[in-house]
Amino acid sequence: MIRIRGARSNNLKSVDLEVPRGSLTVFAGPSGSGKSSLVFDTIAAEAGHQVNETYPPFLRNRLPKWTRPEADEISGLSPVVVIDQRRLGGNARSTVGTITDTWTYLRLLYSRIGDPHLGGESNRFSFNDPAGMCPTCSGLGEAVEIDTASFLDLGRTLKEGAILLPGFVDGGYWLTKYTDLGWFPADEPLRSWTEDQRGALLHGGAHLDRLGVEPPADFEGLVAWFERIYLHTSDNLSDRKREAIERFTRSGTCPECGGDRLNAEARAVTVLGRTIGELALMEVAELADLVAGVQDAAVAPVVSALVERLRAMDAIGLGYLHLGRATTSLSGGESQRVKTVKHLGSSLIEMLYIFDEPTVGLHPQDVHAMIGLLERLRDKGNTVLVVEHDPAVMAVADQVVEIGPDGGAAGGRVVFQGRFDRLRGADTPTALALAKPAPVGAAPREPFGAITIERAARNNLQEVTVDLPTGVLTVLTGVAGSGKSSLAAELVEQHGAIVVDQRAVAANRRSTPITYTGIAAPVRKLFAKASGLPAKYFSANSEGACADCKGLGVVYTDLAFMDGQETVCETCGGLRFTAEALRHRVDGLTIAEVGDLTILEALQRLADPAIRKGLHHLDRVGLGYLRLGQPLSTLSGGECQRVKIARELREAAEPSLYVLDEPTTGLHLRDIDTLMAVLDQLVEGGHTVVVIEHHTEVIRRADWIVDLGPGAGRHGGRVLYEGRVADMRGTATARALGQD
Ligand code: ADP
Ligand code: ADP
Ligand code: ZN
Ligand code: ZN
């Protein structure tokens, strides 16, 4: 047993729990009830922390940091592997092939039996190794070219902002460097300059000679300037820099290797008459069949390991990917499944695997494959814990643990533990939501008109032309990889739209619901009025800040080789405010205690129209359980998306097109109604709402559906059905809805 006593992280109310090892346990419960606090912040954090402790300090500094949970006892743990939906991320050298190790097997295959035989080692087929990489693109497959045409607006003069690069404003440092030279006709639009004048501005060099001018020693043209500031810098680019690079460069396929990433020698080697570059472009499912045909006994173990891995990828709905696909382009759900495959191949046993909503992004048809993977991991002798809302996963689990009964302070307890069939008879939010009859779709709303996506051919889309009704709610459905996101991206490109995604709410580390909703000022005003002091005395970023921790509440000590130590500030006890600020109260609360209120409580206790206006939309989208002072950086993807929906509700202006990607992510069954009410409100406000969704209840309640398929990748990309949901027949989605 994994045994937990007195767990108190975040909202947990001294939870005692025993989870059987070697089994599959699902953690369910309303949003914000404490599932993640228990599974990630308590169980995973303790296991991670203890494993880190076994390493020497200098190594520990390089391992992921785990904050030790608050609990009286946690025992029976094993080393933990967390498989979450964080995207695989930012490195252009990482592909589906490298991350799943399938590329390693392919390299072995080519180095052993390739024709011609190159000899040497398999790194001759590695694009991340100098021995194999294409010299022109260093193995990236793409070459970045500076797009000088995008630097300049020829219709303007220098002073009017002809240089479009960031920072070249009239009177600014960079622009003045050029205008002060006196050789450029600063008052004429660039169009009427001579070729050499424009050339000198962009490149310097021979153009300067032809102009007959003597440049200062530190002169550089705009291209050299751009390379220095944007391209030849460290790897950690700020978002602003990244945007500038995207705007002023083009990335094209590498002219030498044509995207294969390898040098000429490696590109010429074939197995079964195909180059490794060709295999990198095949869909995984087909590649498996092809590789299975390699007969050579010398590589039999490599072939069987590779085929097994590829088939596992196919089994969890990744058969449509190709090994050359950059992991940066994978969605959260795809990333999670790729990580799962990696661990299936592991021969370690008695590990602890923790999954965060593994069914996200999966069509009901694909959910079964994912469940099969979870069961395989368990059957190999591991303990598998899954945070999940999908009843199909609860149904196969050995146990369901429900945390509840509600979100935030009203949650944090174990309200049920046992098999799924027993849960159905229990009296918990999950049981009640399960017992509720499926909603009968109300009569679909009448659209105002339609917009057309014309001849969409992005990724796998097969010249799709489709009408979307305006002023109603449309769902895009289909199995994973069928082309839903591609169609949505095309919609955004052709018609412009407000995209409400799950990326982190753009905000700095100190952002909280208070700062984000703009209620900080009205709150301070309430305190100013009650105390007779100026409002700034109640700001932890200003006069109200505790002098010793500068309003941070913690003091950071750098211990060089050891983990840096964050300790609570002794002066303010972590409250961040001066003693003077803390002396005054509104409705019995100090300014510090306001941060502990949930949004719902704040609406009840801080009677002020500006505060109400700022907060009530967050409540409307089911986030009433968030604390006012909770950093937005701690929100999940689904919560971030709902924060953004709330912002749209607040600002909703003229009729717009909204595109949402799986807004039910992280949402408990019970909260689906809340979400639907919000989407309905957008529609009633005259907006057009398009959502990518797998949740059958949301699909049933939409006014219109576009179902893509039939398969993934090359086998999808077509519209199978467009029309009213209730009339759809004969597709996998219709079957999932029970309409077939
Ligand atoms: P669930 O996983 O069930 O959605 P969580 O465990 O994420 O719920 O959250 C439980 C409660 O703890 C919520 O009220 C949430 O706002 C709060 N919470 C979660 N993480 C943090 C954190 N890092 N700091 C403060 N509060 C948090
Ligand atoms: P869905 O949203 O239905 O899961 P997508 O639109 O994401 O499907 O994907 C459709 C097809 O396009 C898949 O074969 C996928 O691998 C491919 N695809 C998606 N994004 C990219 C990309 N950035 N580069 C290459 N192929 C992509
Ligand atoms: Zn190249
Ligand atoms: Zn302090």
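Residues numbered from 1 in each chain as written. Chains lettered and ligands numbered in written order. Predicted model: local features only at pLDDT ≥ 70, side-chain atom pairs only at ≥ 80, totals over all residues. Heavy atoms only, no water.

Going by what an unreviewed UniProt entry lists, the chain is known as UvrABC system protein A and is assigned to Glycomyces algeriensis. Entered under Sequence similarities (unreviewed entry) in the UniProt record, the comment concerning the chain runs "Belongs to the ABC transporter superfamily. UvrA family." Per UniProt, the comment on the chain under Subcellular location (unreviewed entry) is "Cytoplasm". (UniProt positions renumbered as here; feature names shortened; annotations may be inferred.)

Q: Could you give an account of the overall build of the chain, with specific residues and numbers?
A: The number of helices and strands found in the chain is 29 helices and 23 strands. Its C-alpha atoms give the chain a radius of gyration of 29 Å, within 12% of the compact-globule value 27 Å for 740 residues. Across the 740 residues in the chain, those meeting the buried criterion constitute 50%. Once local pairs closer than 6 in sequence are excluded, the contacts in the chain between residues at least 24 apart make up 67%. Split by element, the accessible area of the chain, about 33,400 Å² in all, is 50% carbon and sulfur. (Helix = DSSP H or I, 4+ residues; strand = E, 2+ residues; numbered from the N terminus. Rg over C-alpha atoms; globule rule 2.2 N^0.38 Å. Buried < 20%, exposed > 50% of the residue type's maximum accessible area, 1.4 Å probe, protein only. Contact = heavy atoms within 4.5 Å. Areas by Shrake-Rupley, 256 points an atom, 1.4 Å probe, with all protein chains shown as cover.)

Q: Give me the lowdown on the coordination of the zinc ion (ligand 3), citing residues and values where you can.
A: Note on metal sites: the ideal angle is 109.5 degrees for four tetrahedral donors, and 90 or 180 degrees for six octahedral donors. For the zinc ion (ligand 3), the full set of protein donor atoms is Cys-134 (SG), Cys-137 (SG), Cys-254 (SG) and Cys-257 (SG), at a range of 2.3 to 2.4 Å. For the zinc ion (ligand 3), the 4 donor atoms in the first shell make angles of 103 to 114 degrees at the metal, so the coordination geometry reads as tetrahedral. Sequence spacing of the donor residues for the zinc ion (ligand 3), all on one chain, is C-x2-C-x116-C-x2-C. Residue Cys-134 is located in the loop between helix H4 (102–113) and strand E6 (142–146), and its partner Cys-254 is located in the loop between strand E7 (249–253) and helix H10 (264–268); the two are separated by 120 residues in the primary sequence. One exposure class covers both Cys-134 and Cys-254, and it is buried. (Donors = N, O, S within 2.8 Å, 3.2 Å for Na, K, Ca; no water. Tetrahedral: all angles 85-135°; square planar, octahedral: opposite > 155°, others 65-115°.)

Q: Now, about the coordination of the zinc ion (ligand 4): what can you tell me, with residues and values included?
A: Those donors, Cys-546 (SG), Cys-549 (SG), Cys-569 (SG) and Cys-572 (SG), are the protein atoms that reach the zinc ion (ligand 4), and they lie 2.3 Å from it. Taken together, the 4 donor atoms coordinating the zinc ion (ligand 4) and their angles of 105 to 115 degrees define a geometry best described as tetrahedral. On the primary sequence, the residues serving as donors to the zinc ion (ligand 4) are separated as C-x2-C-x19-C-x2-C. You can see Cys-549 sitting in the loop between helix H21 (520–531) and strand E18 (554–557) and its partner Cys-569 sitting in the loop between strand E19 (565–568) and helix H22 (579–582), a full 20 residues away along the chain. With a relative accessible area of 3%, Cys-549 lands in the buried category.

Q: Explain the site of ligand 2 residue by residue, including any values.
A: Taken together, 15 residues are adjacent to ligand 2, and Arg-325, Gly-481, Lys-484, Ser-485 and Ser-486 come closest. Ser-485 places a polar side-chain atom, nitrogen or oxygen, 2.5 Å from an oxygen atom of ligand 2. Burial of ligand 2 by the surrounding chains reaches 77%, relative to a free accessible area of 560 Å². Looking at side-chain class alone, the shell around ligand 2 contains 4 nonpolar, 9 polar and 2 charged residues. (Near = heavy atom within 4 Å. Polar contact = N/O pair within 3.5 Å; in protein donor to acceptor, adjacent residues only side chain to side chain. Nonpolar A, V, L, I, M, F, W, Y, C, P; charged D, E, K, R; others polar.)

Q: Describe the sheet that holds strand E4 (residues 73–75), listing the residues and the values that go with them.
A: Strand pairing in a sheet relies on backbone hydrogen bonds. The paired strands run either parallel or antiparallel. Within the open sheet, the 3 strands sit side by side as E2-E1-E4. Their pairing is antiparallel. This sheet does not close on itself; its edge strands, each paired only once, are strand E2 (15–19) and E4. The sheet shows a mean angle of 10 degrees between the axes of neighbouring strands, taken without regard to direction. As paired strands, strand E1 (residues 2–7) and E4 are joined by 3 bridges and run antiparallel to one another. Each bridged residue has a counterpart across the sheet, and for Ile-4 the counterpart in E4 is Ile-74. Across the sheet, helix H1 (residues 35–53) touches E1, E2 and E4, and the angle it forms with E1 is around 115 degrees. (Pairing = 2+ DSSP bridges. Axes fitted to C-alpha atoms, helices over the stretch in contact; angles between N-to-C directions.)

Q: Give a description of the sheet that holds strand E12 (residues 399–404) that names residues and reports values.
A: Read across the sheet, 6 strands follow the order E5-E10-E11-E3-E12-E13 without closing on themselves; strand pairing throughout is mixed. In this open sheet, the two strands that pair with only one neighbour each are strand E5 (80–83) and strand E13 (413–418). Put simply, the sheet's adjacent strands are angled 20 degrees from each other on average, direction ignored.

Q: Describe the environment of Trp-193, and please don't skip the residues or the numbers.
A: Within the secondary structure, Trp-193 is located in the loop between helix H5 (173–179) and helix H6 (195–202). Once the C-alpha coordinates of Trp-193 and Leu-154 are considered, the two residues, 39 residues apart in sequence, prove to be 9.2 Å apart. What Trp-193 contacts, discounting residues up to four positions off in sequence, is Leu-158, Phe-184, Pro-185, Glu-188, Arg-198 and Leu-201.

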